[in-house]
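These are the residues of each chain, in order.
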Amino acid sequence: MNIKVIAFDADDTLFVNEPYFEEAEKKFCVLLEDYLSHQGLSRELFTTQVNNLPLYGYGIKGYILSMIEAAIKVSNGTIGVDFISKIMEFGKELSQKPIELLDGVEETLQALQGRYKLVVATKGDLKDQQRKLHNSGLGPYFHHIEVMDDKHEINYEKLLKRLDIDASEFLMIGNSLKSDILPVLAIGGHAIHIPFHTTWEHERIDHAVEHENFRAFAKITDVLKVL
């Protein structure tokens, strides 16, 4: 591999994220359990959130707006102000969660810094991602931070253009096969999958990935075996 730039996903690759959203979802289901089963509420929230992605994008703000919309729907518009206020509190709690680095992250960044140009390529709410990266203490390791509205091929192509490199010189490391791996392979880049123990349903794929530029490791420090 003639790699010049290594990009890292942020959420659930560098630090914990999805478990906090799952925790908020459980609170949402408890709050509204008089209207629908927990399974039904989870499904309604997921559907609402996915339908709203073109409007709100990814991140806490869109998630909470989707929670409120789902609550209004399942209650047939009878949900009270107290319930809406409680849902808004869920969002504030999410925004104040501590940053928990995943095992081996800083060790890996220390080993790669200076040998490659390191960047963050993530999606979500710009302000929230900047907050998390700042509070993580990892900022100094990265040459560039890219917060995308989504992670399609065109988004990565734009990133490569800004970095002034060819796809063959780019390596993406992340936990989502759908967002971090497949689009990068499609444009001719390299990708390494580091699975996280839980994945948002929207990010799952139902087939194996086979590609000459693809590798999968159990933990992030394993990437040092090939870099």
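Everything numeric in this text was worked out from a predicted model, so none of it was measured.

Draft legend 1. Spotlight on the nonpolar core. Core analysis: the largest hydrophobic core is formed by 24 residues, its most contacted members being Ile-6, Phe-8, Leu-14, Leu-109, Leu-118, Phe-142 and Ile-173. Of all elements in the fold, only strand S1 (5-8), helix H5 (105-112), strand S2 (117-123) and strand S4 (170-174) reach the threshold of two or more residues within this core. Discounting residues that sit within four places of it in the chain, Leu-118 has contacts with Ile-6, Phe-8, Leu-109, Leu-112, Gln-113, Tyr-141, Phe-142, His-143 and His-144. By size, the runner-up hydrophobic cluster in this structure holds 23 residues, among which are Val-16, Ala-70, Ile-87 and Phe-90.

Draft legend 2. Representation of the side chain of Lys-97 within the structure. Along the chain, Lys-97 turns up in the loop between helix H4 (81-95) and H5. Within the structure, the side chain of Lys-97 is placed 2.7 Å from the side chain of Glu-23, a separation counted as a polar contact. Every residue in contact with Lys-97, bar those within four places of it in the chain, is listed here: Tyr-20, Glu-23 and Arg-131.

Draft legend 3. Up close: the packing of aromatic side chains. Across all of its chains, the model carries four aromatic pairs by this definition. Judged by centre distance (4.9 Å) and plane angle (65°), the ring pair of Phe-21 and Tyr-63 falls under edge-to-face. Of the two residues, Phe-21 sits in helix H1 (residues 18-31) while Tyr-63 sits in helix H3 (residues 60-74), which places them 42 residues apart along the sequence. Like Tyr-63, Phe-21 is buried. Across the ring face of Tyr-58, the terminal group of Lys-123 is positioned such that the distance to the ring centre comes to 4.0 Å.

Draft legend 4. Region of interest: the side chain of Glu-146. Turning to its location among the elements, Glu-146 is positioned in strand S3 (residues 144-148). Within polar-contact distance, the side chain of Glu-146 engages the side chain of His-144 at 2.7 Å. Residues within four places of Glu-146 in sequence aside, it is in contact with Val-120, Ala-121, Thr-122, Leu-159 and Arg-162.

What counts and how
Residues numbered from 1 in each chain as written. Predicted model: local features only at pLDDT ≥ 70, side-chain atom pairs only at ≥ 80, totals over all residues. Heavy atoms only, no water. Core = buried A, V, L, I, M, F, W, Y, C linked by side-chain atoms within 4.5 Å. Buried < 20%, exposed > 50% of the residue type's maximum accessible area, 1.4 Å probe, protein only. Helix = DSSP H or I, 4+ residues; strand = E, 2+ residues; numbered from the N terminus. Contact = heavy atoms within 4.5 Å. Polar contact = N/O pair within 3.5 Å; in protein donor to acceptor, adjacent residues only side chain to side chain. Phe/Tyr/Trp six-rings, centres within 6.5 Å; stacked < 30°, edge-to-face > 60°. Lys NZ or Arg CZ within 6 Å of the ring centre and 35° of its normal.

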